[in-house]
Every structure is written in C-alpha cells, then in structure tokens.
Amino acid sequence: MQLKGPIGVFDSGYGGLTILKEIRKLMPEYSYVYLGDNARAPYGTRSFDVVYNFTLQAVTALFDMGCPLVILACNTASAKALRNIQQHDLPKMQPGLRVLGVIRPTAENIERLSVNGHIGILATEGTVSSRSYEMEIAKLAPQFTVTSQACPMWVPLVENNEAASPGADYFVSKYVNEILEKDSDIDTIVLACTHYPILFPKIRQAVPQRIKVVRQGEIVAESLKDYLCRHPEMKERLLTNGDCRYLTTENPEKFTGLASLFLDEKVDVSHIDL
C-alpha cells in the first residue's frame, strides 16, 4: 500500500504564504508542508539557471519528505523552473510525483476576468523578463493585449515590514503609473507576485476604480481543488490530518515574526538546509 503524504508548498520567501492561506481555507482537510527558501531570497533578480537549481533542490526535499504533489507558490520559480522540472526531472523520479505552478491557473482564468482584453501584469523582474504570462495568455486568449511592469521595490518593502508605511506609497504609485502609461486601456491588473497581496490596500488606492485588481490566492486554490477532482489517483495519495508544517532555510525566529503578516497567526517553524 502506498504511503500518503502532505501537499508541499514552496516559495523563495514569505509570499507563498498568501497562496497557502487560500488553499487551506478552501481545503482545510489536507496536510501541508510549507518550505520558504528565505536564506537565498529574493529569486526575482536571479538568472534562469540559478532559480531552476534552487527550485529543484526545494522540490526534491519536499518529495523526500513524502509530498506526492508540490505547488510552486512563487511566480519567479513557476516562470523560470517549472517547465524544466516537469519535462526533464520528473520523468527520472518516482512515478506519480507532480509539480504545479501559479501562472497557468491565472492565465486560464484571464478571459473571465477582463472585459476588454487589456491585461496588466505587475511582477518581479524575473517574471517579467521570462515573458511567461504573455506566452501562457497567448495560448489561451491570443486576442488579448498583455502589458507587464516590474516592481523591484515591492518585495523588499513587504519583507522589511514597510508595506503599511507612508514610504511605500511612492513606490506603489510609481509602478502603477508606469504600467498605465504603457497601456491606458488596461481593465484588469494581476498581482503576479505572491508578496503583492500584502500591499493590496495601497495598490487598490493607487489603481483607478474602473480597473479590477486580481490576487492569485483564490484562483490557485480553486484550480488545485479542480485538479484533485480530475485526478482522484493523486487525491488518494494525500494525507488528510488537517495540519501544516513550516520550514525555512533562514532563521526560524525571523520567519515566525514575518509570517504573521501573511497568515494572521503565529506558526512554529523549523530550519532546513537545501
């Protein structure tokens, strides 16, 4: 009989906690392991090869812990590493292991989110340079116009607990204004970095009310639930203890302090080396 295991959720830092929170809200019955590679974050400015190698190390560690399914709750890892892992690494591993990302589910929902077909993507430099959103949306909605804007200061603001500070207003307005200067017809903006929901109140204030601002957590959670319904063989492999473990490559005390920003609860965290 095959042993059951938790769902693994990986991010380069803390942002993936916004995805985990929505997944657990929708499917609290499953067991989860969250792994944040905080010691090597951020991934957004790193090369494709470095992000791929770091992500593969994390995914392998989660598989070794018994996770049959790993969610890359990180747009940069999804953009720069997911395809290589799915195509080149999974076939060499134990059969039945799966890795999913956050870009495809978002792209699959884009047609119902936008009325006029003009989409804005706010993301890290790494995600923007990969053009992953442009490519995925082009496959599903080739008639859409996609405009991307890198927001290099947003992750540092969040991780330095400055998201609610007056100083954050300048950088939020700066990148919002830049993307709207590129395409004034945008009617939907996707926050394509899992850190950005922490800045949502300021982003919503800076974005004109006519424009919809989309956070990925609920989309990814609904997509995962649908995936498990369509793949009962994976559903059967998942533990249903309703618990969650948290792991970080950084200092656990630091992680605990910042995790409360994302989860509204205190968590117990253990250190892991990758």
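The sections below set out a description of the structure shown in this document. The structure presented is a predicted model; accordingly, all values stated were derived computationally and were not measured.

The strand order across the open sheet formed by four strands is β6-β5-β7-β8, and the pairing between neighbours is parallel. The open sheet has two edge strands, β6 (145-150) and β8 (212-214), and neither has a second partner. For this sheet the average axis-to-axis angle between neighbouring strands, irrespective of direction, equals 20°. Where strand β7 (residues 188-191) and β8 come together, three bridges link them in parallel fashion. Residue pairing for β8: Thr 188 is matched across the bridge by Lys 212. Strands β5 (118-123), β6 and β7 of the sheet are contacted by helix α10 (residues 166-182), whose axis makes an angle of about 150° with β6.

This next bit is on the sheet that holds strand β2 (residues 32-36). Strand order in this open sheet of six strands is β4-β3-β1-β2-β9-β10, and the pairing throughout is parallel. Strand pairing shows two members of the sheet lacking a second neighbour, β4 (98-100) and β10 (269-271), which therefore form its edges. On average, adjacent strands in this sheet sit at an angle of 25° to one another, irrespective of strand direction. The pairing of strand β1 (residues 7-11) with β2 spans five bridges and is parallel. Each bridged residue has a counterpart across the sheet, and for Val 9 the counterpart in β2 is Tyr 34. Contacting β1, β2 and β9 (244-248), helix α1 (residues 16-26) crosses the sheet at an angle of about 170° to β2.

Let us look at the pairing of β9. When you tally the buried positions in β9, you get four out of five residues, the bulk of the element. Relative to β9, β2 runs parallel, the two being bridged by five bridges. Note on β9: the bridge partner recorded for Gly 36 is Thr 248. Inspection of the sheet shows β9 paired to β10 by three bridges, in the parallel sense. The residue of β10 that forms the bridge with Thr 248 is His 271. For the crossover that starts at β9, traverses helix α14 (residues 252-263) and ends in the parallel β10, the hand is right-handed.

This paragraph deals with the packing of helix α2 (residues 48-64) against helix α4 (residues 82-89). Remark: α2 packs on α4, axes separated minimally by 10 Å, with the N-to-C direction vectors making an angle of 60°. Classified by the angle their axes make, α2 and α4 are oblique. For the element pair α2 and α4, the recorded crossing hand is right-handed. Every residue of α4 that contacts α2 at Tyr 52, Thr 55, Leu 56 and Val 59 is listed here: Asn 84, Ile 85 and Asp 89. Here the contact of α2 with α4 is built from residues that sort into four nonpolar, two polar and one charged.

Procedures and definitions
- Numbers given for residues are sequential positions, taken from 1 along each chain in its written order.
- Note on the predicted model: pLDDT of at least 70 is required for a residue's local features to be given, and 80 or more for side-chain atom pairs to be given and counted; whole-chain, interface and lining totals, by contrast, use all residues.
- The side-chain numbers reported here are obtained from all heavy atoms of the structure, hydrogens and water having been left aside.
- Pairs of strands are assigned from DSSP output, requiring at least two bridges between the strands.
- Each helix is a run of H or I in the DSSP string that is no shorter than four residues. Each strand is a run of E no shorter than two, and both are numbered from the N terminus.
- With axes taken as lines fitted to C-alpha atoms, and helix axes fitted only over the stretch in contact, angles between N-to-C directions fall between 0 and 180 degrees.
- Contacts are assigned to residue pairs that have any heavy atoms within 4.5 Å of one another.
- The cut-offs for exposure are 20% and 50% of the maximum accessible area for each residue type, with area from a 1.4 Å probe on protein chains only; residues under the lower value are buried, those over the upper are exposed, and the others partly exposed.
- When the strands point away from the viewer, a crossover counts as right-handed if the path from the first strand over the helix to the second runs clockwise.
- For classification purposes, an angle smaller than 35 degrees is called roughly parallel, one larger than 145 roughly antiparallel, one from 65 to 115 roughly perpendicular, and anything else oblique.
- For a crossing to be left-handed, the near helix must be turned anticlockwise from the far one by less than a right angle; the clockwise case is right-handed.
- Classification used: nonpolar for Ala, Val, Leu, Ile, Met, Phe, Trp, Tyr, Cys and Pro, charged for Asp, Glu, Lys and Arg, polar for all others including Gly.

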